[in-house]
Amino acid sequence: MGTEKAASGPARAALTLLVIALLVGLPQMAGAETILRIGMTAADIPKTVGQPDQGFEGNRFTGLTMYDALTMWDLSSADKPSVLIPGLATEWKVGDTDKTKWTFKLRPGVTFHDGSPFNADAVVWNVEKVLKQDAPQFDPSQVGLTASRMPTLVSARKIDDMTVELTTKEPDSFLPFNLSNLFMASPAKWQKLFDAAAGADAKAKSQAAWDAFAKDASGTGPWKMSSFTPRERLELARNENYWDKARIPKVDKMLLLPMPEANARTAALLSGQVDWVEAPAPDAVAEIKQRGFNLYSNEQPHVWPWQFSRVEGSPWNDIRVRKAANLCIDREGLRDGLLAGLMVPATGTFEPGHPWRGKPTFEIKYDKPAAQKLMQEAGYGPSKKLSVKIQTSASGSGQMQPLPMNEYLQQALAECYFDVQFDVIEWNTLLNNWRRGAKDASANGSNAVNVTYAAMDPFFALVRFLQSSMAPPVSNNWGFINNPKFDELVTKARHTFDPVERDAALAELHAASVDDAAFLYVAHDVGPRAMSPKIKGFVQPKSWFVDFSPISMTP
């Protein structure tokens, strides 16, 4: 109970650096192959079987590298928003009369890393690996972060070798966005491993095949698995046969290392043990720049929030309390102080100028007197504090600096009569709990959860949190929000295939969520990463993701 912290600080940083030094030990000799060494915020290597865990950091490092999806994000610009583009599908179209049927034309001439062909059979196989429980390749461990991201998809059917039909349970204009998270693994490679696997029954053999696949993965992506030591390191090699010749990587190999502690990541960069770190320690930014390293950042479609429980008895069921929390936070102070400028203050999921912003009437800003007044109206004050408990993590994909940031909020909210406690757990465990919901024992008495979320598309940004039918175990409505107005607007947007009309419905939905103070909106991440000046050609897109292919390294 109360505040719990994993081991951190100088001792942990020193130990982590020692381990890194032993792991990395890769001389970069003149004329030798070029190896890009990256320190991730994750505490473990994300799953390598095709559907990563570890949130979108998993997608960034073991999804979009080794694998492709039918649709993908354009990550080529630092100035323009990242938009959806063709991937393994060259085009797609919803049915003229039946809006639950989609036809996808597939890219010809693509092969998996094992040499087998990518085709319609492979698409059907990959859909069924996460949706069809009686399929031999069905893998429960891949379902959680996949099915919850495409909740309306029910089946796939081969029309011919290069055409598939996907069916949704209701009209869903968001499906092409959702499919960017369904990565294509090699059915031929898996089948070979399944045939060779030992096991008492087909289910046991299937699990053994996936375990073997994790150590010798095969996708269609620009990077191939070179070597893998679970929990320690993943080495990827350039795929010379990648179907998009413009995106064949320019470096020979990429080495991924888990480094969940910000000070350890920063020290590894400054000592030359890695070339690149995600989310460096903010208090080291000045030294990083002074030492000649490059610091990159760009506003991302991303929110760092508290997601409130709305189950019976939750203190957040009072809108005055939700609004008071939003008014009690000095976001500019957080940005300019603790985070050294590396955030954008959040006044909702989307900021003014975004087509989905709408016109909320509740203005999220720092107004402590107004916050205190709302709390007093709700029955709280200096002698009667409101106890709230927040479940968060010590690190993780997009979590920025979760413990210092939450401690900042704890101190700020104390001035508005909140007594904030934390339940600090490991990032991947937090993600699992997120899908279980506030009613589950895994919440451990918490009435809010601090999980950052991507806001690249309508489903990720709004629907999975606000629609009542997205409550666990379906998707990420952790707090069991049940607002008929939200449901009505979600249905309107999902069933609208005209982009302008759909955007108008989404803007109305977003404005309604801000007016309801659905979350404690704190920050938008800017994806800070620091790297050696040897790294050239890097583009920091307005996205959670990164394209590693154009990157080169000087000696």
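Residues numbered from 1 in each chain as written. Predicted model: local features only at pLDDT ≥ 70, side-chain atom pairs only at ≥ 80, totals over all residues. Heavy atoms only, no water.

J.: Outline the packing of aromatic side chains, supporting the account with residue identities and numerical values.
T.: Evaluated as defined, the whole model comprises 28 aromatic pairs. Three or more aromatic residues joined by ring pairs form one cluster here, namely Phe56, Phe459, Phe460, Trp544 and Phe545. Cation over ring: Lys99 sits above Phe497, and NZ or CZ is 5.6 Å from the ring centre. Sitting above the plane of the Tyr380 ring, Lys384 keeps its charged end 5.5 Å from the centroid. (Phe/Tyr/Trp six-rings, centres within 6.5 Å; stacked < 30°, edge-to-face > 60°. Lys NZ or Arg CZ within 6 Å of the ring centre and 35° of its normal.)

J.: Give me the lowdown on the pattern of salt bridges, citing residues and values where you can.
T.: Scanning the entire structure with this criterion turns up 23 salt bridges. Its salt-bridge partner being Arg529, residue Glu278 comes within 2.8 Å of it at the nearest N-O pair. With Glu278 in strand β11 (residues 276-278) and Arg529 in strand β20 (residues 529-531), this pair connects stretches of sequence that are 251 residues apart. A residue is classified by how much of its surface remains accessible, and Arg529, at 2% relative accessible area, is buried. Here Asp516 ties to Arg310 by a salt bridge, and the two come within 3.7 Å at their closest N and O atoms. Within this pair, whereas Asp516 is found in the loop between α17 (499-515) and β19 (519-524), its partner Arg310 is found in the loop between β13 (302-308) and α10 (319-327), the two being separated by 206 residues in sequence. The network of salt bridges with shared partners includes Glu33, Glu235 and Lys253. (Salt bridge = Lys/Arg side-chain N within 4 Å of Asp/Glu carboxyl O. Helix = DSSP H or I, 4+ residues; strand = E, 2+ residues; numbered from the N terminus. Buried < 20%, exposed > 50% of the residue type's maximum accessible area, 1.4 Å probe, protein only.)

J.: Residue-level account of the nonpolar core, with values.
T.: Judged by nonpolar contacts, the single largest core of 88 residues is most densely connected at Trp306, Trp316, Phe418 and Tyr521. If one sorts the elements of this core by residue count, helix α15 (residues 458-466) sits on top with seven residues. Not counting residues within four places of it along the chain, the set of residues in contact with Tyr521 comprises Val303, Trp304, Asn326, Arg331, Ala346, Gly348, Thr349, Ile364, Tyr453, Ser513 and Val514. (Core = buried A, V, L, I, M, F, W, Y, C linked by side-chain atoms within 4.5 Å. Contact = heavy atoms within 4.5 Å.)

J.: An account of the sheet that holds strand β12 (residues 294-296) is needed here, citing residue identities and associated values.
T.: Pairing within the open sheet is mixed, and its seven strands lie in the order β8-β9-β10-β1-β11-β20-β12. The sheet terminates laterally at β8 (223-229) and β12, the two strands that pair on one side only. Ignoring which end each strand starts from, the neighbouring axes of this sheet average 20° apart. The pairing of β11 with β20 spans three bridges and is antiparallel. Within β20, the position partnered with Glu278 by the bridge is Arg529. (Pairing = 2+ DSSP bridges. Axes fitted to C-alpha atoms, helices over the stretch in contact; angles between N-to-C directions.)

J.: Can you explain the pairing of strand β7 (residues 163-168)? Please cite residues and give values.
T.: Burial analysis of β7 places six of its six residues in the buried class, the great majority of the element. A two-sided burial pattern is seen for β7, the buried positions comprising Thr163, Glu165 and Thr167 on one face and Val164, Leu166 and Thr168 on the other. Counting the residues that bridge the hairpin from strand β6 (residues 153-160) to β7 gives two residues.

J.: Can you explain the sheet that holds strand β4 (residues 89-94)? Please cite residues and give values.
T.: If you walk across this open sheet you meet the four strands as β4-β5-β7-β6, and the pairing is antiparallel. The outermost strands of the open sheet, each flanked by one partner alone, are β4 and β6. Here the strands of the sheet are splayed against their neighbours by 20° on average, with no regard to which way each runs. Pairing of β6 with β7, which is carried by six bridges, proceeds in the antiparallel orientation. When the bridges of β7 are listed, Ala156 appears paired with Leu166. Against the sheet, helix α3 (residues 120-131) contacts β5 (101-106), β6 and β7, and its axis sits at roughly 165° relative to β6.

J.: Just give me the short version of empty space enclosed by the protein, but keep the residues and values in it.
T.: A complete count under the given rule lists four cavities of 30 Å³ or more for this structure. One number sums up the size of the largest cavity: a volume of about 160 Å³. Lining the largest cavity we find 17 residues, and of these Gly55, Phe56, Arg149, Trp434 and Arg464 sit closest to its centre. Elements that contribute at least two residues to the lining of the largest cavity include exactly α2 (55-63), α14 (427-436), β18 (453-454) and α15. With three residues, the single largest contributor to the lining of the largest cavity is α14. Among the residues forming the lining of the largest cavity, the class breakdown is 10 nonpolar, five polar and two charged. Taken together, 16 residues make up the lining of the second largest cavity; nearest its centre are Arg60, Glu278, Ala279, Gly398 and Asp525. (1 Å grid on protein atoms, 1.4 Å probe; cavity = no way out; pocket = protein on both sides within 12 Å on 5 of 7 lines; lining within 4 Å. Points joined across faces, edges and corners; volume = space filled by probe spheres on them. Nonpolar A, V, L, I, M, F, W, Y, C, P; charged D, E, K, R; others polar.)

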